[in-house]
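# Remarks on the overall topology
As a plain string of letters, each chain reads:
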Amino acid sequence: MILINCPYCGEREQSEFSNGGEAHVARPKNPEALSDKDWGQYVFYRSNPKGIFYERWVHTHGCRKWFNAVRDTSTDTFLKIYRLDDNRPDISEFKSTLKSPSGEPSVGSGNFAVKK
Ligand SMILES: [Zn+2]
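This text gives an overview of the structure that appears in the document. (Residues numbered from 1 in each chain as written. Predicted model: local features only at pLDDT ≥ 70, side-chain atom pairs only at ≥ 80, totals over all residues. Heavy atoms only, no water.)

## Overview of the coordination of the zinc ion
Four donors placed tetrahedrally around a metal ideally meet at 109.5 degrees, and six donors placed octahedrally ideally meet at 90 or 180 degrees. Selection criterion: Water is not among the atoms examined, so metal sites may look incomplete; donors are the N, O and S atoms within 2.8 Å of the metal, or within 3.2 Å for Na, K and Ca. Any coordination sphere not matching a tetrahedral pattern (four donors, all angles between 85 and 135 degrees) or a square planar or octahedral pattern (four or six donors, opposite donors over 155 degrees apart, other angles between 65 and 115) is reported as irregular. Exposure classes here rest on a 1.4 Å probe applied to the protein chains alone. A residue is buried below 20% of its type maximum, exposed above 50%, and partly exposed in between.
All of the protein donors around the zinc ion are Cys6 (SG), Cys9 (SG), His59 (ND1) and Cys63 (SG); their distances to the metal are 2.1 to 2.3 Å. Taken together, the four donor atoms coordinating the zinc ion and their angles of 103 to 118° define a geometry best described as tetrahedral. Counting along the primary sequence, the residues that act as donors to the zinc ion give the motif C-x2-C-x49-H-x3-C. Residue classification places His59 among the buried positions, given a relative accessible area of 1%.

## Section: unusual backbone geometry
Heads up, the rule is: By the criteria applied, helices consist of DSSP H or I runs no shorter than four residues and strands consist of E runs no shorter than two, each listed in order from the N terminus.
Within the chain, His24 stands out as a residue other than glycine whose phi angle is a positive 65°. Counting through the fold element by element, His24 comes out in the loop between strand S3 (18–22) and helix H1 (36–44). Even without glycine at this site, Arg64 takes up a positive phi of about 65°. By the element assignment, Arg64 lies in the loop between strand S4 (52–58) and strand S5 (66–72).

## Some points on the pattern of salt bridges
Our working rule: Here a salt bridge means any side-chain nitrogen of Lys or Arg lying within 4 Å of a carboxyl oxygen belonging to Asp or Glu.
This structure, assessed with the given rule, holds four salt bridges. Across the pair Arg71 and Glu55 runs a salt bridge whose closest N-O atoms are separated by 2.7 Å. Here the residue Arg71 occupies a position in strand S5, and Glu55 occupies one in strand S4, the gap between them amounting to 16 residues. Taking the relative accessible area as the measure of exposure, Arg71 reaches 13% and is therefore buried. The class for Glu55 is buried, based on a relative accessible area of 2%. Between Asp85 and Arg83 there is a salt bridge whose closest N-O contact spans 3.4 Å. Judged by relative accessible area, which is 34%, Arg83 ranks as partly exposed.

Written out as structure tokens, the structure is:
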């Protein structure tokens, strides 16, 4: 059983929550000026890293509020949970927490390629 620490309610079982995908995806300021390809990139393309990932979560069966989390996708460990009005934590804060069970590189396996 995985517990998630809702910033509004405290620790609850993961089954009460829903994942909302990647966090901090900026909406284009001028969407009508984008090409279909660029709009498609914005709407459909997301990172899928093995390692540190910034995600949105919602406490679906609780307070129904959205929040952000930093999760290590290789171990399903929540490293930090923060409210939407909090600043995005710097990734350097978490690099030392990564422990790859298979001994693979914990960071730098193409997870943070520069977005176009
Ligand atoms: Zn809650």
